[in-house]
Amino acid sequence: MEKTLYLAEREDLRIRRDGPSLWIEQAEQAGRRVPARLVRRVLIRGNVALDTGSMMLFADRGVPITLLRRDGTPSAVILPISSNDQRRVMRQLGTIEDRQKRNRLIAWLEAWQHGRQMALAGRIAPQVLAQWKRDGFRPEDYEAVLEHHVDRPVAESGERAFVAGLLFEFVLSELASEGWDPHVGIRRSTGPLGLAHDLTEALGPEADRVWIEAMANNRAPFATSFGLVREFERANGRLTKLLRLMLRQYERLLWEA
């Protein structure tokens, strides 16, 4: 099964390329070999010693590398030279000038985000969901439900931001594997990685679900980074199905007259 390779800053951590694999060394532990063919996503948090050969190993396989700040938010992305499906890309570019189609796509994104927020609310606050179905809800109502459930402020939660970064890398790797141009966005029609940001935002409540479940499964007051990554891996199947469904719908909308 393809996995996420998560590398966090440690003074004693050394990584180098060894043929089609990475060789990872850490003080007082036996070295480990990680075959690149098993890795679908790479996240690097903080200052990690990684040689260019290792980065090229993943670039040649079309695997993006996301660099995370120490607080877990994405800082930069290393992408392979374009291997996009040009027919798809031309359709993507066409939406920038077609206001009617772009508005339909924006409404589609909003419907996805709204639906995932409703689904999460149904899991953690069924009584609130019933009220939302009756009266509607605003973005701040969703944030309030999260705060009430975890009993702490969520707007500046480093753990929540970290899981959102995991989701961003997940979305980006799927776009790269399918040949979509991640820069041609819907809401974000200009600027880098617009489509990746748009889809990540629409699926954001799924990242919140991972975060909440990781907090519930962790004995300490806060989940560790590795605990969050493990919980994200457990959700991989569900997230893959949702994202691929989104991309099939997106493709159909692009090809509609």
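The sections below set out a description of the structure shown in this document. Everything numeric in this text was worked out from a predicted model, so none of it was measured. (Residues numbered from 1 in each chain as written. Predicted model: local features only at pLDDT ≥ 70, side-chain atom pairs only at ≥ 80, totals over all residues. Heavy atoms only, no water.)

1. Notes on the sheet that holds strand S2 (residues 13-18)
- If you walk across this open sheet you meet the four strands as S4-S3-S2-S6, and the pairing is mixed. At either margin of the open sheet sits one strand with a lone partner, and together these are strand S4 (29-35) and strand S6 (49-50).
- Across two bridges, the pairing between S2 and S6 is parallel. When the sheet's bridge partners are listed, Arg14 is paired in S6 with Ala49.
- Sheet contacts for helix H1 (residues 52-60): S2, strand S3 (21-26) and S6; angle to S2, the most-contacted strand, approximately 55 degrees. (Pairing = 2+ DSSP bridges. Helix = DSSP H or I, 4+ residues; strand = E, 2+ residues; numbered from the N terminus. Contact = heavy atoms within 4.5 Å. Axes fitted to C-alpha atoms, helices over the stretch in contact; angles between N-to-C directions.)

2. Some details on the pattern of salt bridges
- With the rule as written, the count across this model stands at 21 salt bridges.
- Linking Arg160 and Asp208 is a salt bridge whose minimum nitrogen-to-oxygen distance equals 2.8 Å. You can see Arg160 sitting in helix H6 (residues 158-178) and its partner Asp208 sitting in helix H8 (residues 204-217), a full 48 residues away along the chain. Here the two residues Arg160 and Asp208 agree in accessibility, since each one is buried.
- Of the charged contacts in the structure, one is a salt bridge between Arg244 and Glu174, with a shortest N-O distance of 2.9 Å. One end of the pair, Arg244, is in helix H10 (residues 236-255); the other, Glu174, is in helix H6, and 70 residues separate them in sequence.
- The exposure class of Arg244 is partly exposed, given its relative accessible area of 36%.
- On the basis of relative accessibility, which here comes to 3%, the residue Glu174 falls in the buried class. (Salt bridge = Lys/Arg side-chain N within 4 Å of Asp/Glu carboxyl O. Buried < 20%, exposed > 50% of the residue type's maximum accessible area, 1.4 Å probe, protein only.)

3. Quick notes on helix H5 (residues 139-150)
- The terminal C-alpha atoms of H5, which comprises twelve residues, lie 17 Å apart, in line with the 16 Å expected from a rise of 1.5 Å per residue.
- Here H5 has its buried residues at Tyr142, Val145, Leu146 and Val150. All buried residues of H5 lie within an arc of 115 degrees about the axis, which places them on one face of the element.
- Phi for Asp151, located one or two positions after H5, is positive at around 60 degrees. (Expected span 1.5 Å × (residues − 1). Arc of directions from axis to C-beta.)

4. Side note on the packing of aromatic side chains
- In the structure shown here, the tally under the stated rule is six aromatic pairs.
- Aromatic side chains Tyr6 and Phe226 sit 5.3 Å apart centroid to centroid with 70 degrees between the ring planes, which places their arrangement in the edge-to-face category. Separated by 220 residues along the polypeptide, Tyr6 in strand S1 (residues 3-8) and Phe226 in helix H9 (residues 225-234) bring together distant segments of the chain.
- Take Tyr6: its relative accessible area is 9%, and that puts it in the buried class.
- On the basis of relative accessibility, which here comes to 46%, the residue Phe226 falls in the partly exposed class.
- On the numbers, 5.9 Å between centres and 75 degrees between planes, the contact of Phe170 with Phe232 is edge-to-face. On the criterion of sequence distance, the pair formed by Phe170 in helix H6 and Phe232 in helix H9 is long-range, its members being 62 residues apart. For the pair Phe170 and Phe232, one class covers both residues: buried.
- Grouped by ring-pair contacts, the aromatic residues Tyr6, Phe162 and Phe226 constitute a single cluster. (Phe/Tyr/Trp six-rings, centres within 6.5 Å; stacked < 30°, edge-to-face > 60°.)

5. Side note on the pairing of S3
- Taken together, the six bridges between S2 and S3 define a ladder with antiparallel strand orientation. Across the sheet, the residue bridging to Arg17 is Leu22, located in S3.
- Connecting S2 to the next strand, S3, in antiparallel fashion are two residues, including Gly19 with a positive phi near 65 degrees.
- Direction of pairing for S3 relative to S4: antiparallel, over a ladder of five bridges. Among the inter-strand pairings, Ser21 is bridged to a residue of S4, identified as Pro35.
- Hairpin connection, S3 to S4: the antiparallel pair is bridged by two residues, and Glu28 has positive phi, about 65 degrees.

Everything listed is a geometric property; what it means functionally is a separate question.
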